Amino acid sequence: MLLLNPHSTYHFLLTYITDSHKTEVLRGLDGAKERLHLFKANLVEERSFDSAVEGCQGVFHTASPVIFSSNDPQADIIDPAVKGTLDVLRSCAKVHSIKRLVFTSSVAAIVQNGTPRTLDLAIDETWFTNSAYCKESKKWYPLSKTLAEEAAWKLAKENGIDLIAIHPGAVISLLLQPILNFGAEILKLINGGETFPSMLYMHIFELLRFPRLAADIC
C-alpha cells in the first residue's frame, strides 16, 4: 500500500472500526502491527478526531458520504460532509505539530455549474460548482463536496492551517475488502451491462499518489 512506509507511523480513522471484515485488509498490511493505529471516527460527532491527530505531522481527510440520492439529503449527505470536515480542521488547529492538511474534495465540486460541457470547452482553475444550481437540480453529492470545501478553506484561513485540496474523479480499483462498494460499479460492464455512468474515472493507486505529493512531509 502506497501510504505505508517503514519510516512513518499512521493513524487511520474509521467509522467501521468494529467491523472485522472491513478492517482485516488494513490490519494485514506489512508493518501494520507496529506502525498502524486505528481510531473510531464519527463525522457528525464533535471532537471525534482529537485523539487521532494528536502528534501527527500531516493529515489526509478523505471521509465523506458517497450517496447520490436520499429522502433526507441534509442529514445523510450534506451534514456528515460539512460537519466532518469542520471537526477535522478544528482538531488540527489544536495540534502544533501538524504541518499540512490535505483535503480530498472532488471533481464534483468543480464542474456542476449548469454550463453545457462541449468538446471545445476548457475547464480550468476558475471553475467552481454552483451551490444554487445543485440545490435546484437536487445534485446532493456535488453540493455536499462544494460546501465542505468552502467550509474547509474558510476555517483554514481563520486558523492559519496549511491546507491543500485535491479533486479526484470516481475511483475504481481492485476489491481489497470482501464487500462491494461504488468502485465495483465497473463490474456491470464485465457482467454484460451496455451502459455505464459518464464521469471521470481514476485508479486507486493514482489517487494514493496525490495526497503524498501534496503533503510532501511524510
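Treat the numbers as computed from the prediction; the structure is a model and nothing was measured. (Residues numbered from 1 in each chain as written. Predicted model: local features only at pLDDT ≥ 70, side-chain atom pairs only at ≥ 80, totals over all residues. Heavy atoms only, no water.)

### Focus: the overall build of the chain
Then comes step 1: Of regular secondary structure, the chain possesses 9 helices and 7 strands.
Then comes step 2: When each of the 218 residues of the chain is scored for burial, the buried share is 41%.
Then comes step 3: Pairs at least 24 residues apart make up 66% of the contacts formed inside the chain by residues separated by at least 6 positions.
Then comes step 4: Total accessible area on the chain stands at roughly 13000 Å², and carbon and sulfur atoms take up 54% of it. (Helix = DSSP H or I, 4+ residues; strand = E, 2+ residues; numbered from the N terminus. Buried < 20%, exposed > 50% of the residue type's maximum accessible area, 1.4 Å probe, protein only. Contact = heavy atoms within 4.5 Å. Areas by Shrake-Rupley, 256 points an atom, 1.4 Å probe, with all protein chains shown as cover.)

### Let's talk about helix α7 (residues 140-159)
Then comes step 1: With 20 residues, α7 extends 28 Å between its outermost C-alpha atoms, agreeing within 8% with the 28 Å of an ideal straight helix rising 1.5 Å per residue.
Then comes step 2: Two residues or fewer after α7 comes Gly-160, characterised by a positive phi angle close to 65 degrees. (Expected span 1.5 Å × (residues − 1).)

### Here we look at the sheet that holds strand β4 (residues 100-104)
One key point about sheets: their strands pair by backbone hydrogen bonds, in either a parallel or an antiparallel sense.
Then comes step 1: Read across the sheet, 3 strands follow the order β3-β4-β5 without closing on themselves; strand pairing throughout is parallel. If you trace the sheet from one side to the other, it starts and ends with β3 (58-61) and β5 (163-166), each paired once. Across the sheet, the mean angle from the axis of one strand to that of its neighbour is 15 degrees, orientation sign disregarded.
Then comes step 2: Taken together, the 4 bridges between β4 and β5 define a ladder with parallel strand orientation. Among the inter-strand pairings, Leu-101 is bridged to a residue of β5, identified as Leu-163.
Then comes step 3: The strands touched by helix α4 (residues 73-93) within the sheet are β3 and β4, with β3 carrying the most contacts at an inclination of about 175 degrees.
Then comes step 4: Against the sheet, α7 engages β4 and β5, with an angle of about 165 degrees to β5. (Pairing = 2+ DSSP bridges. Axes fitted to C-alpha atoms, helices over the stretch in contact; angles between N-to-C directions.)

### Notes on the state of the cysteines
Then comes step 1: Inspection of every chain in the model, using the stated rule, returns 0 disulfides.
Then comes step 2: Distance from the sulfur of Cys-92, which forms no disulfide, to the nearest cysteine sulfur (Cys-56) is 8.2 Å. (Disulfide = S-S within 2.5 Å.)

### Section: the pattern of salt bridges
Then comes step 1: Scanning all chains against the criterion turns up 5 salt bridges.
Then comes step 2: Across the pair Asp-162 and Arg-100 runs a salt bridge, and its minimum N-O distance is 3.1 Å. Here Asp-162, found in the loop between α7 and β5, pairs with Arg-100, found in strand β4; they are 62 residues apart in sequence, far enough to count as distant.
Then comes step 3: Judged by relative accessible area, Asp-162 falls into the partly exposed class, the value being 34%.
Then comes step 4: Linked through salt bridges whose partners overlap, the residues forming this network are Arg-47, Asp-50 and Lys-94. (Salt bridge = Lys/Arg side-chain N within 4 Å of Asp/Glu carboxyl O.)

### Points about the nonpolar core
Then comes step 1: Core analysis: the largest hydrophobic core is formed by 29 residues, its most contacted members being Val-59, Leu-89, Cys-92, Ile-98 and Leu-101.
Then comes step 2: Sorting the residues of this core by element identifies α4, β4, α7 and β5 as the ones contributing at least two each.
Then comes step 3: Here the element with the most residues in this core is α4; it accounts for 8 residues.
Then comes step 4: For Ile-98, the contacting residues outside a window of four places in its chain are Val-53, Cys-56, Gln-57, Val-59 and Cys-92. (Core = buried A, V, L, I, M, F, W, Y, C linked by side-chain atoms within 4.5 Å.)

### Here's the deal with the pairing of strand β1 (residues 10-14)
Then comes step 1: Judged by which residues are buried, β1 turns out to be one-sided: Tyr-10, Phe-12 and Leu-14 face inward and are buried, whereas His-11 and Leu-13, on the alternate face, are not.
Then comes step 2: Sheet topology note: the β1/strand β2 (residues 36-40) ladder contains 5 bridges and is parallel. The residue of β2 that forms the bridge with His-11 is His-37.

### Structural notes on the environment of Ile-67
Then comes step 1: Relative to the helices and strands, Ile-67 is located in the loop between β3 and α4.
Then comes step 2: Accessibility expressed as a relative area gives 32% for Ile-67, which makes it partly exposed.
Then comes step 3: Remark: the alpha-carbon pair of Ile-67 and Tyr-141, spanning 74 residues in sequence, is separated by 6.3 Å.
Then comes step 4: If near-sequence neighbours (up to four positions away) are discounted, Ile-67 is found in contact with Asp-76, Ile-77 and Tyr-141.

### Quick look at α4
Along an α-helix, residues three or four apart share an orientation, since each turn contains 3.6 residues.
Then comes step 1: A rise of 1.5 Å per residue sets the reference length of α4, with its 21 residues, at 30 Å; its end C-alpha atoms lie 29 Å apart and thus fit the reference within 8%.
Then comes step 2: Approximately 45 degrees is the largest bend angle found in α4, and it occurs at Asp-79, with the proline Pro-80 only one to four residues beyond.
Then comes step 3: With 15 of 21 residues buried, α4 lies mostly within the body of the structure. (Bend = angle between axes of the 7 residues up to and from the residue.)

### With respect to unusual backbone geometry
Then comes step 1: In this structure, Arg-47 is a non-glycine residue whose phi angle is positive, near 65 degrees.
Then comes step 2: Note on placement: Arg-47 falls in the loop between β2 and α3 (50-53).
Then comes step 3: We classify Arg-47 as exposed; its relative accessible area is 61%.
Then comes step 4: With a phi close to 60 degrees, Lys-138 is a non-glycine residue in the positive phi region.
Then comes step 5: Tracing the chain through its elements places Lys-138 in the loop between α6 (131-137) and α7.

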